[in-house]
Each structure stands twice: as C-alpha cells, then as structure tokens.
Amino acid sequence: MIKTVTTVPYTDQKMGTAGLRRKSKVVLQPNYVENFMQSIFNVIGDLKGKTFVVGGDGRFYNDKAIQKIIKMAAANGVSKLIIGQNGFMSTPAGSNVILKNKADGGFILSASHNPGGENGDFGIKYSNASGGQIPSSISDKIYQETLNIKEYKICDIPDIDLSELGTQDICGMQIEIIDPVKDYVEMMQNIFDFPAIRRLFEKGFTMRFDAMNAVTGPYAKKIFEEILGAPTGSVVNYKPLPDFGGLHPDPNLVYAKELVNFMFSKKAADFGAANDGDGDRNMILGKSFFVTPSDSLAIITDNFKLIPAYKGGIYGVAKSAATSTAVERVAKEQGIGYYEVPTGWKYFVNLMDSKRITFCGEESFGTGSSHIREKDGIWAVLFWLNIIAATGKSVEQITHEHWQKYGRSYYMRFDFEGVETSVADKMMEDLEARLPELCGKEIEGYTVTSAGAFVYEDPVDHSSTKNGLIVRFNDGSRIVYRLSGTGSSGATIRVYLERYSQTDLNNDPLLMLTEIFKIAMAISEIPERTGKHQADVVT
Ligand code: G16
C-alpha cells in the first residue's frame, strides 16, 4: 500500500516565527503539504518507534491536510500518532499531550491568529519532544531539505474516520484518537484554585469569553461554563468553523471588535477575554478597560503566590525583547531571574527546561508558564480569574494598584503591513547601519543612550540570534523595530514604543507616545520609504 511519488521542490517552504504559514491557495498547490512533511520526516531520519501528536485549529484544509499527514507518517515508518478527535487540538493542549505521553513531537495545523478559509491562511507548527517548537537550527535543515526534495512516501488508502475515540491500525501504524479537551482540563484543575473561581461565579460575577469561532470554543465551554459555573452564554463564538465565521481570530483591540465593543458598553461583563485561532494567545479586558499583554505578564508574575501551583515559588521570568519592561521591575522586586529573548516562543523553551524561568510572555498577546512549552490562552484567562477570586478586586483595580507600586510602562505597537519585502529589508539594513551615530544624541528632548541590533546568546545551547533593532533613551523609553515572521505575503514592519512614568499613571497611551512615535518615524524613514504615514494596525 506504500506508494513513492515523484515531486519537484517549492522554494518558499522556509518556516517563520512559528512554523510554516502561507496563503491557503499556496498550500493547495499539488504536493505542497507532502513536500514539507516529507522534508521533516527525512530530517528526523529513523521514524521507527516514534510517536507524534497531530491536531489543528479546525481551519479550512485542516481535514484534508491531516489525512495526508497520517498516510505519510504511516508510509514513513512512524509507530504511532495521537490525534485529536475530528482532527482538532489547540496548540497548548498539543504541547501537553506531547509531554504527558513522552511523544517525540507533534504537528498542529494552524496559521494561529491569521484569518482562515480558502482566501485566508493555512499553516503547520512542528514541535519536538520538548513540547515546544523546533529551534531554528532544525528548521534551517528542513528548509534545505525542501529545496532538494524529489519524492515522498504515502499510504494509498481511503481517508480515515477521526470521529470515534479509540485506537486502530493504519498501514502498520497505530493511531489513537483522543478527546483533545480532557487532559487539558485536568492540567488546568491541577494549577488553579477552581473552587475559589467557582465561588466567584456563584456570587454573580460575570464574564464574556470570545472563542472567535476557533479551536478554544469547546475548551472554554467545558471549563468556564460547565465546570466553573459561568452562566450559559458567557462563552461566545464557541463553534470552531473552517473560516472562523469570517472573523479574524486575533485577540486584540482591532480584530476582537465584537468583544471590545461589548466590554466598553453599559452592558459589559465584569471580565472579558478572547483567544486566537489555535488557542495560544489571549486578551484580557475589564469593564471599559484593556490590559496590555506586557502589563498582564508583569501582574501575573507579581501575583504568583495566589495560585496553588506556583505558591511555593517560581524560578524566574522572561519576555521577548519587544515586550515592555514592566515585568523587569517585578522580577527585580521579587528577586527572581529575568531574561530577554528574541520574538518566538521557542526561545523560552531552553530557559524553562533548565529551570531558569517559570513564567514568560510577549507583547503579541502570549502569556504562559512551564506547565507546557507553548503560550497558553486559557491558562492566562484562568490566572486572571484566580487573581480576581483571591483578591476580590476588579481587573482595573488590580492593574491600577500594580502601576501605583511599580510605575507604568505606556506601550503600543504600530504595524505597517503589506510592505514590499525588499523595501522592508533595506529599511532595516540602512537603519541598523545608521543607529551607532545616534548614540548620545538628543532628539526632540530625548537623549539616545544606546542603539543597535538585539542579539541573544542562549545560556543553554549558546546559540546566537539577532532579532530586531532597539533604541533606548535616557528616561527609560524605547523604540523596537522588527519584521514580522508570521505573515503569509509581503512584509510587516512592527514598531514597538514604550515610555515609563512613575507618577503620570492615568494618561492616554497614544498621547504619551506621540513624541516617541515621531522620533521612531524620523529615524527609520518608514513614511518616506513605504509611502505609509500611518500604521495599518495599532494595538
Ligand atoms: C508566534 C510566536 C510568538 C510571536 C508571534 C509574533 O505566535 O509563537 O512567539 O510573538 O508569532 O510573531 P511576529 O511578530 O514575527 O509576527 P503565534 O500565535 O502566531 O503562533
């Protein structure tokens, strides 16, 4: 039943920040998925005795791609696949299943927060036995393999029914179809104080969780409504749909508009939250109040003692360089380790494995801990609910008290999308070359204290990664420039701005950052080079 099929390479199968992400129409090309998967299998080498976890966020092509992966895994000699029922599994749940079963890795079919459907994006995230996504050293090898691929192996059998739980034999390979929600729920119950959160809802506390018609709907329904007792209807858009019902499942102020409008209306619930396509991102809202992901990480870290699983102590905390410095002040106060890494959750994995950190987070709506090796949207929501249950305070109160204690990092991100790749690359290259001249200079009243590329030396594997450019000013303000690694066409220039104040705590972030924005535009020449005088997305 094993067929060897001749193929020709595609030249665009290089993985970005988190796996391979392309327009669905690109992925639909003949042998596109097959070439990519065969390249991975070739790089792994001997697959005998190996077990992998497979699932996806349910987006368009999830069902077709998963059948190809199953048939190819069997043909390539994989011993076992653990598959989410109907091909569904969130990214954090997948990481847990890998770790719990000591599997050799896993594949989550998702383009994360990117829109889905035939005209949207598709993607494949590949994790290794750590439960986290593979390091660049391996993805580089896979890319080289994709450029030379000549054939792939596949079992020539009809599609497999993924709707029934249990085990079966496919072409000599065992497949086990599991409930993707069960293990994840158990893990959450072992971390958080579920009885306390339940009591909070019993007292009439209200929440709205927007699953954005993506993978977390079934997880959220089970946890928030069934187990914790949030009123039925608290979880909205809970049915995973192939095109996410036309929603752009990116939990931020721009794309989670329905939730944001509700939470800023008179009818607002006490607490609001959203997750992204594959369930690893989160957004936290109070009544007419938004918590930046950078502040969320700082607040979570400052409150670790309130959570049963962490009350005995945490190792340390890490953030991506582009994330605000709010958590750095908490780490100093708590006397715990603090690390700054490039953008990409995979850079946290070594720090977690070596017990240097327990918590980590990113400005891009990702927060998590060493319970798994991916960021975890529902975990972050439960963390906030647990803080609220333990303190009796509102989201706004908790955040304001945090600012009073530590000062506030005003922080915003400006995205310039759809820029021609060559223009964006040249802009970054020229800016990097000019940055050393800025050191010591005063611009619009701000003195530049340092300016240059962010280079990370991993303390565990000693690899070195360059990611973005950082300009620091004498008052603690910063500008970070990066090119996104998760887009599916053209380039997106991200400009991250931060300004710190110990006294001015209730101002408008946009007003506080006006001057820094002007400086950021002037020194990068973004408007002149891209023709864009305003960002396409501001979060
Ligand atoms: C991925 C990574 C994150 C990263 C984000 C943004 O998230 O896992 O670590 O912060 O992309 O990347 P970029 O700025 O390069 O677009 P996800 O949720 O898309 O898998």
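The preceding data block contains the structure.
Notes on the structure follow. Since the structure is predicted, the reported quantities are computational estimates derived from the model, not experimental observations.

## Side note on the overall build of the chain
The secondary structure content of the chain amounts to 18 helices and 25 strands. On C-alpha atoms alone, the chain measures out to a radius of gyration of 23 Å, which is about the 24 Å that the 2.2 N^0.38 rule sets for 539 residues. Referenced to the eigenvectors of the C-alpha coordinate spread, the extents of the chain come out at roughly 70 × 60 × 40 Å. When each of the 539 residues of the chain is scored for burial, the buried share is 60%. If you take every contact in the chain between residues at least 6 apart in sequence, the share linking residues at least 24 apart comes to 72%. Here the chain holds 58 positive side-chain charges and 65 negative ones, and the gap between their average locations is 2 Å.

## A look at the sheet that holds strand E17 (residues 359–362)
Neighbouring strands of a sheet are bound in pairs by backbone hydrogen bonds; such pairs are parallel or else antiparallel. Overall, mixed pairing links the 4 strands, which are arranged E16-E15-E17-E18 in an open sheet. The two strands at the open ends of the sheet, each matched to only one other strand, are strand E16 (337–341) and strand E18 (366–369). Strand-to-strand twist in this sheet, taken as the mean axis angle between neighbours without regard to direction, amounts to 15°. As judged from the 4 bridges shared by E17 and E18, these two strands associate in the antiparallel manner. Looking across to E18, one finds that Gly361 is bridged to Thr367. Sheet strands touched by helix H11 (residues 326–334): strand E15 (316–320) and E16. Its angle to E16, the strand with the most contacts, is close to 160°. Across the sheet, helix H13 (residues 377–391) is in contact with E17 and E18; its angle to E18 comes to roughly 80°.

## Topic: the site of the ligand
Residues in close proximity to the ligand total 20 residues, the closest being Thr17, Glu362, Gly485, Thr486 and Arg494. One of the side-chain N or O atoms of His113 is found 3.0 Å from an oxygen atom in the ligand. Note that an oxygen atom of the ligand is positioned 2.8 Å from one of the side-chain N or O atoms of Lys125. Taking 470 Å² as the accessible area of the ligand by itself, protein coverage stands at 100%. Across the shell around the ligand, the residue classes break down as 2 nonpolar, 9 polar and 9 charged.

## A closer look at the nonpolar core
Ranked by size, the top nonpolar core spans 68 residues in total, and within it Phe224, Phe271, Trp379 and Leu382 carry the most contacts. Residues within four places of Leu382 in sequence aside, it is in contact with Met188, Phe192, Phe194, Ile197, Ile223, Phe224 and Leu228. Grouped together as the second largest cluster of nonpolar side chains are 42 residues, Tyr32, Val54, Val78 and Ile83 included.

## Structural notes on the sheet that holds strand E20 (residues 442–443)
Here 7 strands make up an open sheet; going across it, the order is E20-E21-E22-E23-E24-E19-E25 and the pairing antiparallel. Edge positions in the open sheet fall to E20 and strand E25 (537–538), since each of these has one partner strand only. In the sheet, strand E22 (residues 464–473) pairs with strand E23 (residues 478–483) via 4 bridges, with the strands oriented antiparallel. Looking across to E23, one finds that Leu469 is bridged to Tyr481. Lying over the sheet, helix H15 (residues 421–438) contacts strand E19 (408–419), E20, strand E21 (446–457), E22, E23 and strand E24 (491–501), oriented at roughly 60° with respect to E22. Sheet strands touched by helix H17 (residues 514–524): E19, E20, E21, E22, E23 and E24. Its angle to E23, the strand with the most contacts, is close to 50°.

## Examining the pairing of E21
Put simply, side chains in a regular strand alternate between the two faces of the sheet. Sheet topology places E20 next to E21; 2 bridges connect them, and they run antiparallel. The residue bridging Ile443 from the neighbouring strand is Tyr446, located in E21. Counting the residues in the hairpin turn of E20 and E21 gives 2 residues, including Glu444, whose phi is positive at 45°. Count of turn residues in the E21/E22 antiparallel hairpin: 6 residues, of which His462 carries a positive phi of about 60°.

## Let's talk about the pattern of salt bridges
Charged atoms that come close allow side chains of opposite charge to pair. Inspection of the entire model under this criterion finds 33 salt bridges. With a closest N to O distance of 2.9 Å, Lys426 and Asp430 form a salt bridge. One end of the pair is Lys426 and the other is Asp430, both in helix H15 and 4 residues apart, which spans about a single turn. Through salt bridges that share partners, Lys426, Asp430, Arg434, Glu525 and Arg529 make up one connected network.

## Let's talk about the environment of Lys305
Here Lys305 shows up in the loop between helix H10 (293–302) and E15. Here the alpha-carbon distance between Lys305 and Ser324, two residues 19 residues apart in the chain, equals 23 Å. Setting aside residues no more than four positions away along its own chain, Lys305 makes contact with Lys311 and Gln334.

## Concerning the state of the cysteines
Counting across every chain of the model gives 1 disulfide. Residue Cys155 pairs covalently with Cys171 via a disulfide, S to S 2.3 Å. A torsion of -125° about the S-S bond marks the disulfide between Cys155 and Cys171 as left-handed. Here Cys155 is found in strand E7 (residues 151–155), whereas its partner Cys171 is found in the loop between strand E8 (166–170) and strand E9 (173–178), with 16 residues between them in sequence.

## Looking at the side chain of Lys532
With respect to the helices and strands, the residue Lys532 is situated in the loop between helix H18 (526–530) and E25. At a separation of 2.9 Å, a polar atom in the side chain of Lys532 contacts the main-chain carbonyl oxygen of Glu417. In terms of polar contacts, Lys532 uses its side chain to reach the side chain of Asp536, at 2.9 Å. Those residues in contact with Lys532, other than ones at most four positions away along the chain, are Phe416, Glu417, Val419, Ile526 and Pro527.

## A few points about the packing of aromatic side chains
As enumerated under the stated definition, the model contains 22 aromatic pairs in all. Arranged with centres 5.7 Å apart and planes meeting at 35°, the rings of Phe52 and Phe107 form a pair that is tilted. Residue Phe52 is located in strand E3 (residues 51–56), and its partner Phe107 is located in strand E5 (residues 105–109); the two are separated by 55 residues in the primary sequence. By relative accessible area, which is 1% here, Phe52 ends up buried. Here Phe107 falls in the buried class, since its relative accessible area comes to 1%. Taken together, Phe192, Tyr310, Phe359, Trp379 and Phe383 form an aromatic cluster joined through their ring pairs.

## Things to note about helix H12 (residues 346–353)
Note on helix geometry: an α-helix contains 3.6 residues per turn, so any two residues three or four positions apart are oriented the same way. Of all 8 residues that make up H12, 7 are buried, and the element is covered over most of its length. Along H12, the residues that are buried comprise Lys346, Tyr347, Phe348, Val349, Asn350, Leu351 and Met352. Within two residues after H12, Lys355 carries a phi angle of roughly 60°, on the positive side.

Cut-offs applied
Residues numbered from 1 in each chain as written. Predicted model: local features only at pLDDT ≥ 70, side-chain atom pairs only at ≥ 80, totals over all residues. Heavy atoms only, no water. Helix = DSSP H or I, 4+ residues; strand = E, 2+ residues; numbered from the N terminus. Rg over C-alpha atoms; globule rule 2.2 N^0.38 Å. Buried < 20%, exposed > 50% of the residue type's maximum accessible area, 1.4 Å probe, protein only. Contact = heavy atoms within 4.5 Å. Lys, Arg positive; Asp, Glu negative; His and termini not counted. Charge placed at Lys NZ, Arg CZ, Asp CG, Glu CD. Pairing = 2+ DSSP bridges. Axes fitted to C-alpha atoms, helices over the stretch in contact; angles between N-to-C directions. Near = heavy atom within 4 Å. Polar contact = N/O pair within 3.5 Å; in protein donor to acceptor, adjacent residues only side chain to side chain. Areas by Shrake-Rupley, 256 points an atom, 1.4 Å probe, with all protein chains shown as cover. Nonpolar A, V, L, I, M, F, W, Y, C, P; charged D, E, K, R; others polar. Core = buried A, V, L, I, M, F, W, Y, C linked by side-chain atoms within 4.5 Å. Salt bridge = Lys/Arg side-chain N within 4 Å of Asp/Glu carboxyl O. Disulfide = S-S within 2.5 Å. Phe/Tyr/Trp six-rings, centres within 6.5 Å; stacked < 30°, edge-to-face > 60°.

Fair warning: the whole summary comes from geometry, so function is off the table for now.
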